[in-house]
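Structure assessment
Residues per chain are reported as follows:
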Amino acid sequence: MHITWNRYRLPGSSLLLLLLAGCVPPQPTSSSAGATQQATAPALPAAASPQAAKPTAPPPLTQQQQRVRQLIGQVEDAYAKGVAAYHKGQLLEAKTEFDRAVDLMLASGIDIKGDSQLQDEFDRVVDGVNALEMEALKQGNGFVPKEEPTPADVASDVNFTVDPNVVAKAREDLATTKSDLPLMVNDYVAGYINFFASSQRGHNTLLHSFERAGRYKAMIQRVMAEEGVPQDLIYLAVAESGFNPRAVNRGSGAGGMWQFMPHGNYGLVRNAYVDERFDPEKSTRAYARYMKFIYNQLGDWYLSMAGYDWGSGNVQRAVQKTGYADFWELYRRNNLPVETKNYVPEILAAIIIANHPTQYGFDDVTLDPPVLTDTVTINYSVDLRLVSDLVNAPVDELMALNPSLLRMITPPDTSFDLHLPAGTATLFTQRVAVVPESRRNAWRYHRVAADDTLASVAHSYRVQVAELAEANQLGGSDSLQGVEALVIPVAPVAAPSAHTLLYTARKGDTLVTIADRFGVSLTQLRSWNKIAGIKVAPGRRLHVAEPARVSRTAGSHRHKTAATAEGAEPSRASGGHRRRTTTTAPKAHETASAKGSGAKSAARATANQGGEPAASKKRAQTHKAASGAKNHPAQKPAAHEKSSRKKQK
């Protein structure tokens, strides 16, 4: 993909001169009779004085202009490295450089919206990154490297040989296999058992799938039990994704552990912020309900597996055409597509091997340990970088724990189950309470160190000392002795000024007129400033946005605050509902939070406090409907047609 780098930089004056040069009318010729052409060269104009000929020196750049120029140079360098990495197929490296390019601007402390040159640069970089990510999504899962193949992928083009010894052994093992599915062994199943047990490629692929299953096995078994479907249906994930919750099929767009299609009513929310196909628990529940729905139609678990792959309607038509409601009969009569014919026996083979791993050479399976997580249901938008600050966990770990998130922020105007590292829910609830709810999608949180000052912290986050002090209800010269933490007033680029926090009342003002001026309610204004009635004295400074609650250690009496960071009651917005569940992610990194990390292809939406506000009501309604579905029988979803997509791989 070619990206035009200088589309906003063509000098307007040069373009104008080029246009004028092509439009100058010819000089009229003299019509005087007998006029003779001048034979000598025209006289040269008088030489200009040295003072007049000397070009005027351009005015020196201001300090602000120098900063902007230097910043744009750094941004261009990071963006160029990202583009180069993208074209080399190094998607993670490209994402890192794109993140750095946007971070440089967002963390610069310069008002991007107030500088036209910087605004153009920001728009150009974000547009370029978005374009590249859209192109990457067409080929895979955005800026994510190609995932390893599933057992179904590696076995799709294998010609199986049936070993009578394998058939005999599998039938012997079947007699001692405990399963809630009606298992059987025939030549087709034995062929897959032989491939997975005897070939290195088949063995390694199934081994990795089994190992990864450890992350989600307990959760899947619990959901299966709650939904009343056979436990061994867990092994459809072997064929679908190898238990990878972020798997995406390039050809069809099917995604998640259970490979749901982008369309269809499965009770999973999909919008600009989240795609619940990638949520391990919610997608598992949708899968269990869908399998139950298909079984109620077809009355046979083998046919139901085939229906999950090919579409229940297609299976029903095959049954009607042949008169046989039996998978193996449809197989023998060649009334199923090749992919679906292979789909059921490879799952049965995986079930038998999983129940007898040692007999088939899988005694080296070490299940990945499940990770206990805390889940807090929130109903506001919060940036994962702020969450990282609050719970002392790397952003990458939080992204792994919340694979359904498409952006660095949770969706606004609807509830979201935020997964946190185990044991951090209380810490998150207490600390997030000090950050105004409306600022949680931008502001940061800083634990005060012994040698910190307002000036040093402001410099670290590239904010003004006065803004930092005002956000924390401190004086500009105050010491941080006894202060446990500070909120950092980082503003979304296109949002109203984040430091319009205090207003000095003027003569004639009332609380009603002030509330109207700043777009807040009278009740909020009274609560924030502890005022009754509507009168306010001229000169009084009022909070016109929700104030932060700065925490201090015991014994510190200056600048009393409403609550402490460690002991505050959770605010209503913090979400009192929380539960402990089991899921997993890549092993947690025991490192400090990396400030400024994270995906920035959606930076414009982040800068605009979430973007797409017109759709927020619709998103909320969609989420409500999806949540309600949990307590009702599954509605008829669109056909889960996947045979076409695997052919496109």
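Residues numbered from 1 in each chain as written. Predicted model: local features only at pLDDT ≥ 70, side-chain atom pairs only at ≥ 80, totals over all residues. Heavy atoms only, no water.

Things to note about the overall build of the protein chain
A count of helical and extended segments in the protein chain gives 26 helices and 7 strands. Burial analysis of the protein chain (649 residues in total) assigns 49% to the buried set. Contacts spanning at least 24 positions in sequence make up 72% of the contacts within the protein chain whose residues lie at least 6 apart. Taken as a whole, the protein chain presents about 32300 Å² of accessible surface, with 53% of it coming from carbon and sulfur. (Helix = DSSP H or I, 4+ residues; strand = E, 2+ residues; numbered from the N terminus. Buried < 20%, exposed > 50% of the residue type's maximum accessible area, 1.4 Å probe, protein only. Contact = heavy atoms within 4.5 Å. Areas by Shrake-Rupley, 256 points an atom, 1.4 Å probe, with all protein chains shown as cover.)

Some thoughts on the packing of helix H17 (residues 384-391) against helix H19 (residues 425-432)
The contact between H17 and H19 brings their axes to 9 Å, and the two run at 110°. The angle between H17 and H19 places the two elements in the roughly perpendicular class. Crossing handedness for the pair H17 and H19: right-handed. Mapping the contact onto sequence places Val387, Asp389, Leu390 and Val391 in H17 and Leu427, Phe428, Arg431 and Val432 in H19. Considering only residue class, the contact of H17 with H19 consists of 6 nonpolar, no polar and 2 charged. (Axes fitted to C-alpha atoms, helices over the stretch in contact; angles between N-to-C directions. Parallel < 35°, antiparallel > 145°, perpendicular 65-115°, else oblique. Left-handed = near helix turned anticlockwise from the far one by under 90°. Nonpolar A, V, L, I, M, F, W, Y, C, P; charged D, E, K, R; others polar.)

Considerations on the nonpolar core
Where a protein is soluble and globular, its nonpolar side chains tend to be buried together. In this structure, Leu233, Leu236, Met305 and Tyr308 are the most contacted members of the largest nonpolar core, which totals 70 residues. Looking at this core, the element that brings in the most residues is helix H16 (residues 338-355), giving 9 residues. When near neighbours in sequence (up to four residues on either side) are disregarded, leucine 236 contacts Trp258, Tyr287, Met291, Met305, Tyr308, Tyr343 and Ile347. Of all hydrophobic cores here, the second largest spans 32 residues; its members include Tyr380, Leu386, Leu418 and Trp443. (Core = buried A, V, L, I, M, F, W, Y, C linked by side-chain atoms within 4.5 Å.)

Observations concerning helix H12 (residues 280-298)
Given a rise of 1.5 Å per residue, 19 residues ought to cover 27 Å, and the 27 Å separating the end C-alpha atoms of H12 matches this to within 8%. Most of H12 is tucked away: 15 of the 19 residues are buried. Measuring from the backbone nitrogen of glutamate 281 back to the side-chain oxygen at the start of H12 gives 3.1 Å, which picks out aspartate 279 as the cap. Looking at the residues trailing H12, positive phi occurs at glycine 299, about 75°. (Expected span 1.5 Å × (residues − 1). Polar contact = N/O pair within 3.5 Å; in protein donor to acceptor, adjacent residues only side chain to side chain.)

Here's the deal with the pairing of strand S1 (residues 371-378)
Buried residues dominate S1, accounting for 6 of its 8 residues. Two elements, S1 and strand S2 (residues 416-421), share 6 bridges in a ladder whose sense is antiparallel. What sits directly across from aspartate 374, in S2, is leucine 420. (Pairing = 2+ DSSP bridges.)

Regarding the packing of aromatic side chains
Under the counting rule described, the total for this entry stands at 19 aromatic pairs. For the pair phenylalanine 195 and phenylalanine 196, a centre-to-centre distance of 5.5 Å together with 55° between the ring planes defines the contact as tilted. Each member of the pair, phenylalanine 195 together with phenylalanine 196, is buried. Between tryptophan 258 and tyrosine 287, the aromatic rings sit 3.9 Å apart at their centres with planes inclined by 5°, giving stacked as the arrangement. Here tryptophan 258 is found in the loop between helix H11 (236-240) and H12, whereas its partner tyrosine 287 is found in helix H12, with 29 residues between them in sequence. Each member of the aromatic cluster is reached from another via a ring pair, and the members are Trp258, Phe260, Tyr266, Tyr287, Tyr290, Phe293 and Tyr308. Against the face of phenylalanine 278 rests arginine 246, its NZ or CZ located 4.5 Å from the ring centre. Positioned above the aromatic ring of tyrosine 331, the side-chain terminus of lysine 341 is 4.8 Å from the ring centre. (Phe/Tyr/Trp six-rings, centres within 6.5 Å; stacked < 30°, edge-to-face > 60°. Lys NZ or Arg CZ within 6 Å of the ring centre and 35° of its normal.)

Quick word on the pattern of salt bridges
On inspection of all chains with the given rule, the structure shows 19 salt bridges. In this structure, aspartate 389 and arginine 444 form a salt bridge, with 2.7 Å as the shortest nitrogen-oxygen distance. With aspartate 389 in helix H17 and arginine 444 in strand S3 (residues 444-447), this residue pair connects regions lying 55 residues apart in the sequence. Bridged by salt links that share partners, the residues Arg222, Glu226, Glu227, Glu281, Arg285 and Arg289 form one connected network. (Salt bridge = Lys/Arg side-chain N within 4 Å of Asp/Glu carboxyl O.)

Remarks on the environment of alanine 197
Note that alanine 197 resides in helix H8 (residues 187-198). For the pair alanine 197 and alanine 349, spaced 152 residues apart in sequence, the C-alpha to C-alpha distance is 10.0 Å. In this structure alanine 197 touches Tyr360 and Phe362, once residues within four positions along its chain are discounted.

Brief notes about unusual backbone geometry
Its identity as a non-glycine residue notwithstanding, glutamine 259 has a phi of 55°, on the positive side. For glutamine 259, the position within the fold is in the loop between H11 and H12.

What about the confidence of the model for the protein chain?
Taken over all residues, the pLDDT of the protein chain has a mean of 74, while the share at 70 or more is 68%. The low-confidence segment residues 493-500 (pLDDT under 50) makes 18 contacts with residues lying over four places distant or belonging to another chain. (pLDDT = per-residue confidence, 0-100.)

A few points about the side chain of aspartate 417
Tracing the chain through its elements places aspartate 417 in strand S2. Polar side-chain contacts of aspartate 417 include one of 2.7 Å to the side chain of threonine 377.

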